[in-house]
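Listed below are the residues making up each chain.
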Protein chains: 2
Amino acid sequence: MRQRHRPWADDFLRDNTGLIIPEAEEKKGRWKEVFGNNNPIHLEIGTGKGQFIAGMAEKNPDVNFIGIELAKSIIVMAGSKVKEAGLDNVLLLHVDAADLQGLFAENEISAIYLNFSDPWPKKRHAKRRLTFPTFLEQYEHILQPGGEITLKTDNQGLFEYSLVSFSEFGLKLQDVHLDLHSIEDPENVMTEYEEKFSAKGQPIYRCRAVFA
Amino acid sequence: MRQRHRPWADDFLRDNTGLIIPEAEEKKGRWKEVFGNNNPIHLEIGTGKGQFIAGMAEKNPDVNFIGIELAKSIIVMAGSKVKEAGLDNVLLLHVDAADLQGLFAENEISAIYLNFSDPWPKKRHAKRRLTFPTFLEQYEHILQPGGEITLKTDNQGLFEYSLVSFSEFGLKLQDVHLDLHSIEDPENVMTEYEEKFSAKGQPIYRCRAVFA
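Residues numbered from 1 in each chain as written. Chains lettered and ligands numbered in written order. Predicted model: local features only at pLDDT ≥ 70, side-chain atom pairs only at ≥ 80, totals over all residues. Heavy atoms only, no water.

Turning next to the packing of helix α5 (residues 133–142) of chain B against helix α6 (residues 156–169) of chain B. Residues and elements named next belong to chain B. The geometry of α5 relative to α6 is characterised by a closest axis approach of 10 Å and an angle of 55 degrees between their N-to-C directions. Compared by their axis directions, α5 and α6 come out oblique. In the crossing of α5 with α6, the sense of the turn from one axis to the other is right-handed. On α6, the residues touching P133, L136, E137 and E140 of α5 are Y161, S165, F166 and F169. Here the contact of α5 with α6 is composed, by residue class, of five nonpolar, one polar and two charged. (Axes fitted to C-alpha atoms, helices over the stretch in contact; angles between N-to-C directions. Helix = DSSP H or I, 4+ residues; strand = E, 2+ residues; numbered from the N terminus. Parallel < 35°, antiparallel > 145°, perpendicular 65-115°, else oblique. Left-handed = near helix turned anticlockwise from the far one by under 90°. Contact = heavy atoms within 4.5 Å. Nonpolar A, V, L, I, M, F, W, Y, C, P; charged D, E, K, R; others polar.)

The structure is reproduced here in structure tokens:
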């Protein structure tokens, strides 16, 4: 997403270090302490403006959520959404997803969400896709046994690629939806993108996969 | 497919026992002898009117094809198509797919095609779907190591179900297409159904899966 200049972003980051955590790698292995309880931790990679994580956190008060987002001007929007909603089970990290093992200990995470990730359609960029094997290796490391990945996208190419990549890595597909909004799923929380694309009649793909 | 009464069907079967093989279970383990060469054997389950198997056999003269079709009035149409095309690398079996191990020995088949199979959309009929685990067990038995299944369908529910069923059984997905005709695949041979549905703009799904 293109970043706009938001002069209040730096101020927001400075004033909300309990929500958008600086020096996050120092908390590795201690995230439950940071949340102050023993609830499972779910991780969203690419949190965007935060509609999904805020909605999930509201629906699931017994789960802790961590959202990662690299774009500063975007993560502060997520931060202000979470703050307004008064949610105490969400933390945000203004970091890159490239070094998850630097941020989380083995088995520290229970579930991972990849929502409308950049499809990187060119073959030579395949290794940047969040379902490329190097990422799956990291997910496997930080996820507890039986932990699952939920992928949601409107991008056909990324979805096709990811199904094969999951399968080749040895993950088991739990369910697959090729047109998510053709079914009633009261559990589904829409992202901003999802709302927009779905309203245009674009099918939304979703699958869940677990490390076997 | 609804069967029409075709009075010539019995005559055709009687006159073409070299093409539509009676008492097929007696050939179990000896299909290469029946073909008279050592080429790999590919199996289509639900051959319908035969456009796919005839087209594949024409494009792949070094492969032997066996087509199974339960409907008598339909298999004779496939038979007459194969006969007209003068293909010597196709055999047809007027049998049910329920007992493949009665028809083929272990490792006797190199590849299996499931084209536009009956989706059996009701949950209580799931066990009739050709990608239900009891069928996958049979495929695993008759397929040689590394043998693959190619599934093609326009039915979203069957495709979603099959991806999960393959994955849970331990098959690896080799490729997945969610809109086959949006790509150029000169190797693709269309079935009658595929031509019809694709012309209506319906997406065609395809995946290949191998026993790991």
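Having put the structure on the table, let's press on.
Time to look at the layout of surface pockets. Residue and element names in this part refer to chain A. Estimated volume of the second largest pocket: approximately 890 Å³. The set of elements that each furnish at least two residues to the lining of the second largest pocket consists of β1 (41–45) and α7 (192–199). By residue number, the principal contributor to the lining of the second largest pocket is α7, which donates three residues. Classifying every residue of the lining of the second largest pocket by side-chain character gives 17 nonpolar, nine polar and eight charged. (1 Å grid on protein atoms, 1.4 Å probe; cavity = no way out; pocket = protein on both sides within 12 Å on 5 of 7 lines; lining within 4 Å. Points joined across faces, edges and corners; volume = space filled by probe spheres on them.)

Least-squares fitting of chain A to chain B yields an RMSD of 0.0 Å, with the superposition described by an axial translation of 0.0 Å and a rotation of 180 degrees. The symmetry that links the two subunits is that of a two-fold axis. Among all residues of chain A, the one whose C-alpha sits closest to the rotation axis is S167 of chain A, at a distance of 3.5 Å. A high fraction, 100%, of the interface residues of chain A reappear at the interface in chain B, so the copies pair face to face through one surface. (Least-squares fit on C-alpha atoms with pLDDT ≥ 70 in both.)

Another aspect to go through is helix α5 (residues 133–142) of chain A. For an α-helix the count is 3.6 residues per turn, leaving residues at separations of three or four pointing the same way. Residues and elements named next belong to chain A. Within α5 the residues assigned to the buried category are F135, L136, Q138, Y139 and I142. Along the axis of α5, the buried positions cluster into a sector of 160 degrees, meaning they face one direction only. In this structure, the buried side of α5 is in contact with β1, β4 (109–115), β5 (143–153), α6 (156–169), β6 (171–177) and β7 (205–211). (Buried < 20%, exposed > 50% of the residue type's maximum accessible area, 1.4 Å probe, protein only. Arc of directions from axis to C-beta.)

Attention shifts here to the sheet that holds β4 of chain A. Where strands meet in a sheet, backbone hydrogen bonds hold them as pairs that are either parallel or antiparallel. Residue and element names in this part refer to chain A. Strand order in the open sheet formed by seven strands is β3-β2-β1-β4-β5-β7-β6, with mixed pairing between adjacent strands. Taken across any chain shown, the strands that pair with only one partner, and hence form the sheet edges, are β3 (90–93) and β6. When the angles between neighbouring strand axes are averaged without regard to direction, this sheet yields 20 degrees. One ladder, built from four bridges, connects β1 with β4; its direction is parallel. (Pairing = 2+ DSSP bridges.)

Counted by the stated rule, this structure contains 16 aromatic pairs over all chains. With 6.0 Å between their ring centres and 85 degrees between their planes, W8 of chain B and F12 of chain B make a pair best called edge-to-face. Of this pair, W8 of chain B and F12 of chain B both sit in helix α1 (residues 8–15), four residues apart, roughly one helical turn. Centre to centre, the rings of F52 of chain B and Y113 of chain B are 5.2 Å apart; their planes meet at 65 degrees, and the pair counts as edge-to-face. With F52 of chain B in helix α3 (residues 51–59) and Y113 of chain B in strand β4 (residues 109–115), this pair connects stretches of sequence that are 61 residues apart. Pair check on accessibility: F52 of chain B and Y113 of chain B agree, each one buried. Of note, K196 of chain A hangs over the ring of Y193 of chain A, and the distance from its end group to the ring centre comes to 5.8 Å. (Phe/Tyr/Trp six-rings, centres within 6.5 Å; stacked < 30°, edge-to-face > 60°. Lys NZ or Arg CZ within 6 Å of the ring centre and 35° of its normal.)

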